[in-house]
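Working through the structure, step by step
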Amino acid sequence: MRFSSLAYAACSGLLATTVEAAITLDTSSTDSIKAAASSVAKDMMTFYSGDKPGGTPGLLPGPYFWWEAGAMFGSLIDYWYYTGDTTYNDLVTTALQFQVGPSADYMPPNQTKDEGNDDQGFWGMAVLSAAEAKFPDPPSGQPGWLALGQAVFNTQAPRWDTTTCNGGLRWQIFQFNNGYNYKNAISNGCFFNMAARLGRYTGNQTYLDWADKTWNWVEAIGLASPDYHFYDGTDDTINCTQVNHIEWTYNTGVYLYGAAMMWNATQDAKWQTRITTILKTASIFFVNGVMKEVACEDAGNCDTDQVSFKAHLSRWMAATTKVAPFTAATILPLLTSSATQAVKTCTAGASQSMCGEKWTTGTYDGNGGVGEQMSVLQVIQANLITGAPPPVTANTGGTSKSDPSAGGSQAKTVSLNAITTSDRAGAGILTTVILIAMLSGSWWMSRK
Ligand SMILES: *[C@@H]1O[C@H](CO)[C@@H](O)[C@H](O)[C@H]1NC(C)=O
Ligand SMILES: *[C@@H]1O[C@H](CO)[C@@H](O)[C@H](O)[C@H]1NC(C)=O
Ligand SMILES: *[C@@H]1O[C@H](CO)[C@@H](O)[C@H](O)[C@H]1NC(C)=O
Ligand SMILES: *[C@@H]1O[C@H](CO)[C@@H](O)[C@H](O)[C@H]1NC(C)=O
């Protein structure tokens, strides 16, 4: 059943005249899950003004980086997919199209100063979700969802860098940005995830080969341990001989869903084993069945990016059950217990329904924002996964048009031409600082 947008509009009009109460959630009731998701999405969108006069479509205000907006639009595609509520569809399409950049590959010039492969990847994964969920196609003349995903892949594959560490993607695209020497789990994970999904959707073996190659490199270089702990990253100035061992929920999530897609596309038993092992190790992120960002929640120093990471593990755990159904019995109870506890944090702000960060506490902990809302939204709506349709492919109802040569060569050109001596010096200094911190064991990397 889908919400009629008219009924929804009437309903939200009524709500606006009263104060929204704290959210109730009955995970055995589809209507209750939808109502809770609707409330959390609405509070999340109070942070967005890209659809208002004077706003820029697709951008969140500071302190939110560009990637997080891409992730947020991905969560709203999921919202429509799970609930049928079309409230945000036009706003999402407008935003996803406004940010494509001149070569329609999510390399908008405004973001050059800090766009990494992972940042671009979150927009790429959002449009792949649109293609797989049959989110309404954009107006004709605008690049389609699948082609945009292919364009991101096409700009990233040539960035595979064998000059150090025997391969891998760097964190940063541009040499003048801090972190160019870092080869990290999330950048390679986004690329792996997209390649696997493109391979499954299109049936094109080239994508599957890239996914395989990326996974193998991640394992070989030690960004994944033999039991699939995923570690944050490694430094190419020391040829990736040491690894920063911080573990984040979203890394586990991005590899889990890519592996599930590879299983679905190839039915090679090695992927089934990998999925099972990832899930076993993912237990480090659950305390009494409730998801927790263990690297920073207790210390209370999760940054603006990190408070959103549970959104992505929630999103990809749920999606995994669709393409690797043998995981459902393990995954679904964790999504239910996490959602039940997560909504208890949603008692703050003018709406009295803004969510907090630390689900295990079961109360609002003083931290609210886009990342907190997105995380709670994703874990709530994940509880609708059983009734949701499977992600389509070109052969099973997918309508988004393939363009295997989409995307520009802008990335390479800019990185070769736009680097000045002072930029180089800047990057070099940062690297030295990182290297010393890493060797002295006090390594901590915030994304920006
Ligand atoms: C880039 O920045 C300019 C100036 O702020 C703005 O007018 C434009 O809309 C931005 N473009 C995108 C794609 O965000
Ligand atoms: C750098 O690391 C890669 C991968 O471990 C290895 O194959 C290569 O031989 C190393 N290169 C040097 C110069 O040590
Ligand atoms: C692949 O995904 C489809 C769609 O969700 C599902 O029906 C099928 O069982 C999956 N295949 C395998 C081998 O798990
Ligand atoms: C498969 O994908 C590769 C990589 O993007 C592309 O070069 C090739 O043309 C594609 N093949 C087909 C048949 O679409």
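Residues numbered from 1 in each chain as written. Chains lettered and ligands numbered in written order. Predicted model: local features only at pLDDT ≥ 70, side-chain atom pairs only at ≥ 80, totals over all residues. Heavy atoms only, no water.

Counted only if it meets this: UniProt positions are given in the numbering used here, feature names are shortened, and annotations may be inferred rather than shown by experiment.
Looking at an unreviewed UniProt entry, one finds the protein named Mannan endo-1,6-alpha-mannosidase and attributed to Microthyrium microscopicum. Under the UniProt heading Catalytic activity (unreviewed entry), the note attached to the protein is "Random hydrolysis of (1->6)-alpha-D-mannosidic linkages in unbranched (1->6)-mannans." In its Subcellular location (unreviewed entry) section, the UniProt record describing the protein reads: "Endomembrane system".

Some remarks on the environment of Ile 33
This is how the line gets drawn: Helix and strand assignments come from DSSP, with helices taken as H or I runs of at least 4 residues and strands as E runs of at least 2, each series counted from the N terminus. In this description, contact between two residues means that some pair of their heavy atoms is separated by no more than 4.5 Å.
Mapped onto the secondary structure, Ile 33 falls in helix 2 (residues 30–45). When the C-alpha positions of Ile 33 and Ala 382 are compared, they lie 9.2 Å apart, and in sequence the two are 349 residues distant. In this structure, Ile 33 is in contact with Leu 25, Asp 26, Thr 27, Ile 380, Gln 381, Asn 383 and Leu 384, ignoring residues within four places of it in sequence.

Regarding the state of the cysteines
What makes a disulfide is a covalent bond joining the sulfur atoms belonging to two cysteines. Cut-off, in case you're wondering: Here, the term disulfide refers to a pair of cysteine sulfur atoms separated by no more than 2.5 Å. Burial classes: relative accessible area under 20% of the type maximum marks a residue as buried, over 50% as exposed, and values in between as partly exposed (1.4 Å probe, protein chains only).
Within the structure shown, the criterion is met by 3 disulfides. Each sulfur of the disulfide joining Cys 296 and Cys 302 lies 2.0 Å from the other. With the S-S dihedral at roughly 95°, the linkage between Cys 296 and Cys 302 falls on the right-handed side. A residue is classified by how much of its surface remains accessible, and Cys 296, at 0% relative accessible area, is buried. In this structure Cys 302 comes out as buried when scored by relative accessible area, which is 14%. Through a disulfide, Cys 346 is tied to Cys 355; the S-S separation comes to 2.1 Å. Residues Cys 346 and Cys 355 are joined through a disulfide that is right-handed, its torsion about the S-S bond being 95°. Taken in N- to C-terminal order, the disulfide-linked cysteines of the protein are connected 1-2, 3-4, 5-6.

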